[in-house]
Amino acid sequence: MPNKKLSIEGCRALVWLLAGMVFVAAEGRGLAQQEEGKLLFFDAFEYEVKRDVRDPRPAFLTQGKWSGVKSINSVGRGAGYLYTVDRIPGYAGQFPGRNSKRVLAIEGRSGTFQTQTDFWLRIGDPNGPPDQIPGNVWFQFWIYLNYYDDPEDKEDQLSGITGGKWLYPSPDGFYPAHPRWLFTINHRSHVWPKRDEKPHDYEAPSYHEIFIQTEGLGPGKPPVPFANIKKAPEYNRWKMGQTNIDTRIVANRWFLVKLHFDTSTTSGRYEAWLQPLGGKMVKVAEYIDGVTPDFSWTIPKEHVGGHKTVSMPTTLGSFTPERAKNNKDCWIYLDDFAMATSEDTLPTYSESK
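This section reports on the structure supplied with the text. (Residues numbered from 1 in each chain as written. Predicted model: local features only at pLDDT ≥ 70, side-chain atom pairs only at ≥ 80, totals over all residues. Heavy atoms only, no water.)

## Comments concerning the overall build of the protein
Secondary structure summary: the protein contains four helices and 24 strands in total. If you sum the accessible surface of the protein, you get close to 17,300 Å²; carbon and sulfur atoms cover 52% of it. (Helix = DSSP H or I, 4+ residues; strand = E, 2+ residues; numbered from the N terminus. Areas by Shrake-Rupley, 256 points an atom, 1.4 Å probe, with all protein chains shown as cover.)

## Describing the environment of Asp 336
With respect to the helices and strands, the residue Asp 336 is situated in strand E24 (residues 330-340). The class of Asp 336 is buried, set by a relative accessible area of 2%. Residues Asp 336 and Arg 98 lie 238 residues apart in sequence; the distance between their C-alpha atoms is 7.7 Å. Contact partners of Asp 336, with chain neighbours within four places excluded, come to Phe 42, Asp 43, Ala 44, Phe 45, Gly 97, Arg 98, Gln 140, Phe 141, Trp 142 and Tyr 349. Separated by 3.1 Å, the side chain of Asp 336 and the backbone nitrogen of Arg 98 make a polar contact. Side-chain polar atoms of Asp 336 contact the side chain of Tyr 349, separated by 2.6 Å. (Buried < 20%, exposed > 50% of the residue type's maximum accessible area, 1.4 Å probe, protein only. Contact = heavy atoms within 4.5 Å. Polar contact = N/O pair within 3.5 Å; in protein donor to acceptor, adjacent residues only side chain to side chain.)

## Description of the pattern of salt bridges
Summed over the entire model, instances satisfying the criterion amount to 14 salt bridges. Measuring nitrogen to oxygen at the nearest pair gives 2.9 Å for the salt bridge that ties Glu 107 to Arg 109. A single burial state applies to Glu 107 and to Arg 109, both of which are buried. When the shortest N-O distance is used, the salt bridge between Glu 286 and Lys 283 registers 2.6 Å. (Salt bridge = Lys/Arg side-chain N within 4 Å of Asp/Glu carboxyl O.)

## Topic: the side chain of Asp 335
Note on placement: Asp 335 falls in strand E24. Judged by relative accessible area, Asp 335 falls into the buried class, the value being 0%. A distance of 2.9 Å separates a polar side-chain atom of Asp 335 from the backbone nitrogen of Gly 97. Only 2.8 Å separates the side chain of Asp 335 from the side chain of Ser 100, close enough to count as a polar contact. Aside from chain neighbours lying at most four places away, what touches Asp 335 is Ala 44, Phe 45, Phe 95, Pro 96, Gly 97, Ser 100, Arg 102, Val 103, Phe 141, Trp 142 and Trp 254.

## Describing unusual backbone geometry
Residues Tyr 175 and Pro 176 are joined by a peptide bond in cis, for which omega reads -5°. Tracing the chain through its elements places Pro 176 in the loop between strand E9 (164-170) and strand E10 (182-186). Note that the residue after Met 312, namely Pro 313, is joined by a cis bond; omega there is 0°. Positionally, Pro 313 belongs in strand E23 (residues 309-314).

## As for empty space enclosed by the protein
Summed over all chains, the structure comprises one cavity of 30 Å³ or more. A volume near 60 Å³ is recorded for the largest cavity. Around the largest cavity, the lining residues are Ser 110, Gly 160, Ile 161, Thr 162, Gly 163, Ile 185, Leu 316, Gly 317, Lys 328 and Cys 330. In the lining of the largest cavity, the residues fall into four nonpolar, five polar and one charged. (1 Å grid on protein atoms, 1.4 Å probe; cavity = no way out; pocket = protein on both sides within 12 Å on 5 of 7 lines; lining within 4 Å. Points joined across faces, edges and corners; volume = space filled by probe spheres on them. Nonpolar A, V, L, I, M, F, W, Y, C, P; charged D, E, K, R; others polar.)

## Description of the layout of surface pockets
Here the idea is plain: a probe the size of a water molecule rolls over the atoms and shows the empty space left. Taken as a whole, the largest pocket spans an internal volume of roughly 970 Å³. Surrounding the largest pocket, 30 residues form its lining, Thr 162, Gly 163, Asn 186, Arg 188 and Arg 323 being those nearest its centre. The class makeup of the residues in the lining of the largest pocket is six nonpolar, 17 polar and seven charged.

## A word on the nonpolar core
Phe 139, Trp 166, Ile 212, Leu 334 and Phe 337 are the most contacted members of the largest nonpolar core, which has 76 residues in total. Excluding anything up to four places from it in sequence, Ile 212 contacts Phe 183, Thr 184, Ile 185, Ser 189, Gly 241, Gln 242, Ile 249, Leu 259, Tyr 270, Ala 272, Leu 274 and Val 284. Counting residues in each nonpolar core, the second largest holds five residues, with Trp 138, Ala 338, Ala 340 and Leu 346 among its members. (Core = buried A, V, L, I, M, F, W, Y, C linked by side-chain atoms within 4.5 Å.)

Okay, structure coming up:
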C-alpha cells in the first residue's frame with residue numbers, strides 16, 4: 001500500500017509538473033509572438049535642425065535617436081545637408097505623416113561639388129550586438145522629390161537623380177561594407193516588368209523620376225552574387241529592379257515606400273511597395289527565392305543574418321571626374337521613417353489622405 005500511495009502522489013506531482021511546463025511553454029509562445037512584431041525605430045522629425053548652423057550633436061541624435069550623423073551642417077563635410085523644415089518650396093499641401101508639422105530635408109550637392117556625396121543618418125552601434133538591423137526587416141517612409149523653379153529665383157530646387165545608395169547596411173557596423181542587401185535609387189534601372197519575358201535596362205524620361213532597386217551580393221573582391229536573375233546578363237543578375245515600372249516615384253508628389261528584406265535564412269526575399277499620396281498601395285518589386293520564376297537567392301549559412309547598422313542616404317552621384325560632371329543636386333524630403341520586424345507594426349495611413 002505505501003508503494004501504491006507514493007505512486008499516486010507521484011502521478012499527481014507529475015501531472016502538476018507537466019501542466020506547469022505546458023503553461024510556461026504557452027506563455028513563452030505568447031511572449032515570442034508579441035516579440036515577433038516590433039516597431040524597432042521611428043522618427044517623425046518633429047524637431048528643429050537648422051541648415052545653416054553647424055552643430056556636431058543635432059537633434060537627430062538627442063531627439064530622433066539616430067546613432068550617428070554626417071553632413072556639412074554637422075561635421076563640415078559630406079557634400080550634403082541634413083536638416084528639418086516646416087515648409088517645402090513650391091509645395092502647398094499638408095505633410096503626409098501623422099499630425100506632421102516638420103519633415104526631414106536631404107539636400108545632396110553632388111552637382112555643386114562635382115563629387116559623390118557621403119552624408120547620412122545612421123541606426124545601430126558598431127560596438128553593439130549583431131542583428132540590430134534584423135535579417136528579416138521592414139522599412140517604411142514617405143518620400144518627396146522636389147522639382148521647383150521659383151519665378152523669383154530665390155528658392156529654386158531643381159532636383160535631379162543620377163543614382164546612388166539609399167539604405168546602406170553593414171554586417172559589422174563599419175564602412176565600406178559588403179552588406180547582405182543594398183537598396184539604391186536611380187533615374188535608370190535594371191527592371192523586370194511582369195509582362196516582359198526577361199529583364200532589361202530602362203531609363204526614365206527625366207532625371208526627376210526615381211526607380212528603386214536592391215542588390216543581392218555577398219562579400220569578396222569582387223563581391224560574390226548571391227541573388228540570381230537567371231534570364232539577365234551575368235553582370236546584372238543580382239540587381240533586383242522594379243517588377244512594375246508603371247508606378248514609380250516622380251517629382252512633386254509624396255510616395256509611401258514600404259520595403260521588406262529577409263536574409264534571416266538561406267532563402268532570400270525582397271519586396272517593395274509604393275503608395276502615392278491619395279492613391280492605392282502598389283507592389284512594385286517581388287523577388288522571392290523558390291517562388292519567383294527564373295530567380296534564386298541562395299545565401300550561404302555563414303552569411304545568413306542581419307546587420308549591425310544601416311545608413312541613409314550615403315552616396316549620391318559619382319566620384320570619378322568623367323561621370324561627376326553629370327551629377328545633379330537634389331532636394332529630397334522624408335516623413336515618418338520606420339523600421340520594424342513585421343509589416344503589421346508599421347504605421348498605417350488612409351488612401352484618402
